[in-house]
Amino acid sequence: MKEIDKEKQYEKLLGIRTTGRDDSNSDEYRYPYEPTPYCVLERLSRSGYIGKRNTLLDYGCGKGRVDFFLAYETKCRAVGIEYDERIYQAAISNKEKALSGNRVTLVNQDASTYEVPAEADRIFFFNPFSVDLLKTVLHRIFESYYNSPREILMFFYFPSDEYISQLMTTDGIMFEDEISCNDLFTENGDRERIMIFSIN
């Protein structure tokens with residue numbers, strides 16, 4: 001199935017509208033909204049890493065695609081964090097109609113100040129912000145882990161070299177696995193992947 005058709009199919013199935021890039025409030029620290037392709041989310045949902053007992057935290061959730069899709073496909077709980085008030089309101093509008101809306105919580109807050117809940121054990125990133133902000137967010141995740149020790153897996157889709165370097169050199173973070181997605185697209189090569197790291 002063509003990706004364009006798949007996008008339309010899932011949007012209709014889930015009862016949401018999440019397409020389109022939005023960089024109206026982006027800056028050097030917070031990057032534009034761009035939804036994760038459904039074909040990538042399909043691959044993640046079928047990986048076995050996320051299930052109904054998990055709570056997924058989605059940084060820079062935008063209009064909520066990752067949350068609504070994975071909550072529907074895996075039956076997990078999902079929490080989306082979005083700092084942009086206007087985009088957040090679009091996510092709220094989606095939640096009211098979404099097939100899996102009752103399993104999704106949305107929070108309008110800056111990621112750097114958000115306290116990671118004890119139940120969050122799966123975390124998704126699609127380059128939502130700068131490495132400087134990532135460092136602060138990782139500190140928050142570590143705080144939550146030390147307060148409530150548990151398995152935490154972090155999923156980084158289309159990771160930048162800067163992100164990978166930071167993750168590979170941060171004590172307490174271990175590379176676990178990689179889900180290749182480069183066969184789904186005709187360009188971008190090595191970046192089309194989901195890198196999985198754990199807190200330990």
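All values derive from a computational prediction rather than experimental measurement. (Residues numbered from 1 in each chain as written. Predicted model: local features only at pLDDT ≥ 70, side-chain atom pairs only at ≥ 80, totals over all residues. Heavy atoms only, no water.)

## Concerning the overall build of the chain
Across its full length, the chain holds six helices and seven strands. Ordering the α and β elements of the chain from the N terminus gives α-α-β-α-β-α-β-β-α-β-α-β-β. Over its C-alpha atoms the chain spans a radius of gyration of 16 Å, differing by no more than 12% from the 16 Å that the globule rule assigns to 200 residues. Judged by the C-alpha coordinates and their principal axes, the chain covers about 40 × 35 × 35 Å. Within the chain, buried positions represent 54% of all 200 residues. Partitioning the intrachain contacts of the chain with sequence separation of at least 6 by distance along the chain shows that 73% fall at a separation of at least 24. In the chain, which carries 25 positive and 34 negative side-chain charges, the distance between the mean positions of the two groups comes to 8 Å. (Helix = DSSP H or I, 4+ residues; strand = E, 2+ residues; numbered from the N terminus. Rg over C-alpha atoms; globule rule 2.2 N^0.38 Å. Buried < 20%, exposed > 50% of the residue type's maximum accessible area, 1.4 Å probe, protein only. Contact = heavy atoms within 4.5 Å. Lys, Arg positive; Asp, Glu negative; His and termini not counted. Charge placed at Lys NZ, Arg CZ, Asp CG, Glu CD.)

## Brief notes about the packing of aromatic side chains
Aromatic ring pairs: the centre-centre distance and the angle between the two ring planes describe each pair. According to the stated counting rule, one finds 16 aromatic pairs in the structure shown. Each ring, one from Phe126 and one from Tyr157, has its centre 4.8 Å from the other, and the planes form 55°; the classification is tilted. With a gap of 31 residues between them, Phe126 in the loop between strand S4 (122–125) and helix H5 (131–147) and Tyr157 in strand S5 (residues 152–157) connect regions that are remote in the sequence. There is no split in this pair, since Phe126 and Tyr157 are both buried. Put simply, the rings of Tyr59, Phe125, Phe129, Phe156, Tyr163, Phe175 and Phe197 pair up and form one aromatic cluster. It is Lys75 that lies over the ring of Tyr72; its NZ or CZ is 5.2 Å from the centre. (Phe/Tyr/Trp six-rings, centres within 6.5 Å; stacked < 30°, edge-to-face > 60°. Lys NZ or Arg CZ within 6 Å of the ring centre and 35° of its normal.)

## Some remarks on the environment of Ala98
For Ala98, the location among the structural elements is in the loop between helix H4 (85–97) and strand S3 (104–108). The class for Ala98 is buried, based on a relative accessible area of 12%. Those residues in contact with Ala98 that sit more than four places away from it in its chain are Leu14, Gly15, Ile16 and Phe68.

## Some points on the nonpolar core
Ranked by size, the top nonpolar core spans 33 residues in total, and within it Leu44, Leu56, Leu70, Phe124, Phe155 and Ile194 carry the most contacts. Every residue in contact with Ile194, bar those within four places of it in the chain, is listed here: Val40, Leu44, Phe155, Phe156, Tyr157, Asp177, Glu178, Ile179 and Cys181. By size, the runner-up hydrophobic cluster in this structure holds 30 residues, among which are Ala120, Tyr145, Met154 and Ile199. (Core = buried A, V, L, I, M, F, W, Y, C linked by side-chain atoms within 4.5 Å.)

## Notes on the pairing of strand S7 (residues 193–199)
The element S7 is extensively covered by neighbouring structure, given that seven of its seven residues are classed as buried. Residues Arg193, Met195, Phe197 and Ile199 point to one face of S7 and Ile194, Ile196 and Ser198 to the other, with burial holding for every one of them. Across six bridges, the pairing between S5 and S7 is antiparallel. Note on S7: the bridge partner recorded for Met154 is Phe197. (Pairing = 2+ DSSP bridges.)

## Re the sheet that holds S4
Strand order across the open sheet formed by seven strands is S3-S2-S1-S4-S5-S7-S6, with mixed pairing between neighbours. Two strands close off the open sheet at either side, each with one partner strand: S3 and strand S6 (173–180). Here the average twist between neighbouring strands, direction ignored, is 20°. Where strand S2 (residues 77–82) and S3 come together, five bridges link them in parallel fashion. Along S3, the bridge assignment pairs Gly80 with Leu106. On the sheet, helix H2 (residues 38–45) packs against S4, S5, S6 and S7 and is oriented at approximately 120° with respect to S6. (Axes fitted to C-alpha atoms, helices over the stretch in contact; angles between N-to-C directions.)

## Section: helix H3 (residues 65–74)
A large share of H3 lies buried, amounting to eight of its 10 residues. Of the residues making up H3, those classed as buried are Arg65, Val66, Asp67, Phe68, Phe69, Leu70, Ala71 and Thr74. Looking one or two places after H3, you find Lys75, whose phi comes out positive at around 70°.

## Examining the side chain of Arg65
Mapped onto the fold, Arg65 is located in helix H3. Separated by 2.8 Å, the side chains of Arg65 and Thr18 make a polar contact. In contact with Arg65, not counting residues within four places along its chain, are Glu7, Glu11, Ile16, Thr18, Thr19, Pro35, Thr36, Pro37, Tyr38 and Leu41. (Polar contact = N/O pair within 3.5 Å; in protein donor to acceptor, adjacent residues only side chain to side chain.)

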